[in-house]
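Take a look at the letters that make up each chain.
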Amino acid sequence: MPATPNRRTVAVVLLIPVVVTIALWAFAWPAARIAPRDLPVGIAGSAPAADRLQQQFEQHGDAFEIHRFDDGAAARTAVEDRVVYGAVVITPKGPQLLTASAASPVVAQLLREAVTTQAVAGSQVHVTDVVAAPAGDPRGSVLGASILPLAIAGVAAGSAVTMLRLRGGRAAGALIGVAALVGIAAAALTDSWLGAITGDWWTEAGALGLTVLAIGASVAGLAALIGPAGVGLGALLMVLLGNPFSGITSAPELLPQPLGAIGQVLPPGAGGSLLRSVAFFDGSAAGRAALTLGLWAAVGLTAVLVGGRRRTPAATAPTPGAPEPALAG
């Protein structure tokens, strides 16, 4: 039975506040609870001094996940490979802190404050930014702001494919084409113009495009399987949840758990991690994020193709009771 105007009015009045409440919870609560949770940090140096430093870190409960290294060179390599966000190296001249502001300016500042506070009175902590954020985006603001437009682009692509009733191969081709062009345009803006990312240009464009494809294919795939409601479900998942849970403006390990972990299995979070890896770390630790995006894109495109095959016969079948078309000749 079609909904009456009164029922539709009540639905609008109730639905919009619910969506706004979810959005406020998803964006505001994680931001208000930023704190380290199993944050990977390295310690290098002689056993007695390193053991004491580890005990100081462990006094913070589960805030830090400690990795031990034999020397400063191994610790530096671990920072460059994104194994840890930073490392403290015990030296005869005092502690040396290795950070990577390109991985997260927020974490780099947090580690600087934590190590300085724990240092012996009178000793000076020498800080080395092993992988520094680019001069064009020293606070990571541009990188942090880039994920939401990518999510919107993906949702828009999936919605357009659904509204235009593109099916099968045409729908998949449209999604791939949109993702490729958005990836190129986004790389041109963030790398060539703003200088906010500094890796291999085409690799960055590929990471950006794959993020859009994973989101767009997921939205279109949901719509192909369950109808137009799939667009709303996809938008809720990718924009209202995926974007704030991505940890791109801080770090996944700074978000309340399990939100940080959930964010990394959603395309916005995986896309942000992949972009950081290819833009600043020569692709280190990019495999998991690339695999996550690839799986979302593959499953979404498969749903689009399967949904198109299911609906095409129904759309072309003759209406019961309709006259048969006249045969020529």
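Refer to the structure printed above.
Residues numbered from 1 in each chain as written. Predicted model: local features only at pLDDT ≥ 70, side-chain atom pairs only at ≥ 80, totals over all residues. Heavy atoms only, no water.

A. Structural view of the sheet that holds strand S3 (residues 86-91). With mixed pairing, the five strands of this open sheet are ordered in space as S2-S1-S3-S4-S5. Each of the sheet's edge strands pairs with one partner strand only, and the pair in question is strand S2 (64-69) and strand S5 (126-129). Neighbour-to-neighbour, the strand axes of this sheet turn through a mean angle of 20 degrees, independent of strand direction. Pairing of S3 with strand S4 (residues 94-99) involves six bridges; the strand directions are antiparallel. Bridged to glycine 86 within S4 is threonine 99. (Pairing = 2+ DSSP bridges. Helix = DSSP H or I, 4+ residues; strand = E, 2+ residues; numbered from the N terminus. Axes fitted to C-alpha atoms, helices over the stretch in contact; angles between N-to-C directions.)

B. Examining the packing of aromatic side chains more closely. This structure, assessed with the given rule, holds four aromatic pairs. Ring plane angle 15 degrees and centroid distance 6.0 Å describe the contact between tryptophan 25 and tryptophan 29, whose orientation is recorded as stacked. In this pair, tryptophan 25 and tryptophan 29 are both assigned in helix H1 (residues 5-32), four residues apart and thus about one turn of the helix distant. By relative accessible area, tryptophan 25 is classed as partly exposed at 38%. Residue class for tryptophan 29 comes out partly exposed when judged on its relative accessible area of 32%. Following the ring pairs from residue to residue traces out a cluster consisting of Trp25, Trp29 and Phe245. (Phe/Tyr/Trp six-rings, centres within 6.5 Å; stacked < 30°, edge-to-face > 60°. Buried < 20%, exposed > 50% of the residue type's maximum accessible area, 1.4 Å probe, protein only.)

C. Representation of the pairing of S4. Counting buried positions over the six residues of S4 gives five, a clear majority of the element. Taken together, S3 and the strand that follows it, S4, pair antiparallel across an intervening segment of two residues. Sheet analysis places S4 next to S5, joined by four bridges and oriented parallel. Along S5, the bridge assignment pairs leucine 98 with threonine 128.

D. Region of interest: the pattern of salt bridges. For the structure shown, the criterion picks out one salt bridge. Here arginine 68 and aspartate 51 are joined by a salt bridge, their closest N and O atoms 3.0 Å apart. Of this pair, arginine 68 sits in strand S2 while aspartate 51 sits in helix H2 (residues 47-58), placing them 17 residues apart in sequence. Using a relative accessible area of 37% as the deciding quantity, one classes arginine 68 as partly exposed. (Salt bridge = Lys/Arg side-chain N within 4 Å of Asp/Glu carboxyl O.)

E. Spatial organisation of a nonpolar patch on the surface. There is a patch of nonpolar side chains on the surface, built from Val12, Ile16, Val20 and Leu24 and spanning about 370 Å² of accessible area. Relative to the elements of secondary structure, valine 20 occurs in helix H1. Taking the relative accessible area as the measure of exposure, valine 20 reaches 42% and is therefore partly exposed. (Patch = residues over 30% accessible without salt bridge, like charges linked within 9 Å, V, L, I, M, F, W, Y side chains within 5 Å. Areas by Shrake-Rupley, 256 points an atom, 1.4 Å probe, with all protein chains shown as cover.)

F. Focus on unusual backbone geometry. The peptide bond linking glutamine 257 to proline 258 adopts the cis configuration, its omega dihedral lying at 10 degrees. Looking at where proline 258 falls in the secondary structure, it is placed in the loop between helix H8 (229-242) and helix H9 (259-264). Unlike most non-glycine residues, arginine 82 shows phi in positive territory, near 65 degrees. Within the secondary structure, arginine 82 is located in the loop between helix H3 (72-80) and S3. On the basis of relative accessibility, which here comes to 23%, the residue arginine 82 falls in the partly exposed class. Positive phi, normally seen in glycine, also occurs at arginine 165, with a value near 55 degrees. Following the sequence through the fold, arginine 165 ends up in the loop between helix H5 (141-163) and helix H6 (168-193).

G. Seen up close, helix H7 (residues 201-226). Taking 1.5 Å as the rise per residue, H7 with 26 residues should run 38 Å; its terminal C-alpha atoms sit 38 Å apart, in good agreement. Glycine 227, located one to two residues past H7, shows a positive phi value of around 95 degrees. (Expected span 1.5 Å × (residues − 1).)

H. The arrangement of the nonpolar core in detail. Ranked by internal contacts, the top residues of the largest apolar core, which has 65 residues, are Phe57, Leu175 and Phe280. Looking at which element gives the most residues to this core, the answer is H7, with eight residues. Not counting chain neighbours up to four residues away, the residues in contact with leucine 175 comprise Ala157, Gly158, Val161, Leu213, Gly216, Ala217, Ala220, Leu301 and Val304. Ranked by size, the runner-up nonpolar core spans eight residues in total, among them Val155, Ile215, Val219 and Val231. (Core = buried A, V, L, I, M, F, W, Y, C linked by side-chain atoms within 4.5 Å. Contact = heavy atoms within 4.5 Å.)

I. Highlighting the environment of asparagine 243. Inspection of the secondary structure puts asparagine 243 in the loop between H8 and H9. For asparagine 243, a relative accessible area of 11% gives the class buried. C-alpha separation for the pair asparagine 243 and glycine 269, spaced 26 residues apart in sequence, amounts to 6.9 Å. Those residues in contact with asparagine 243 that lie beyond four places of it in its chain are Phe27, Ile147, Leu148, Met238 and Pro268. Among the polar contacts made by the side chain of asparagine 243, one reaches the main-chain amide nitrogen of leucine 148 at a distance of 3.4 Å. (Polar contact = N/O pair within 3.5 Å; in protein donor to acceptor, adjacent residues only side chain to side chain.)

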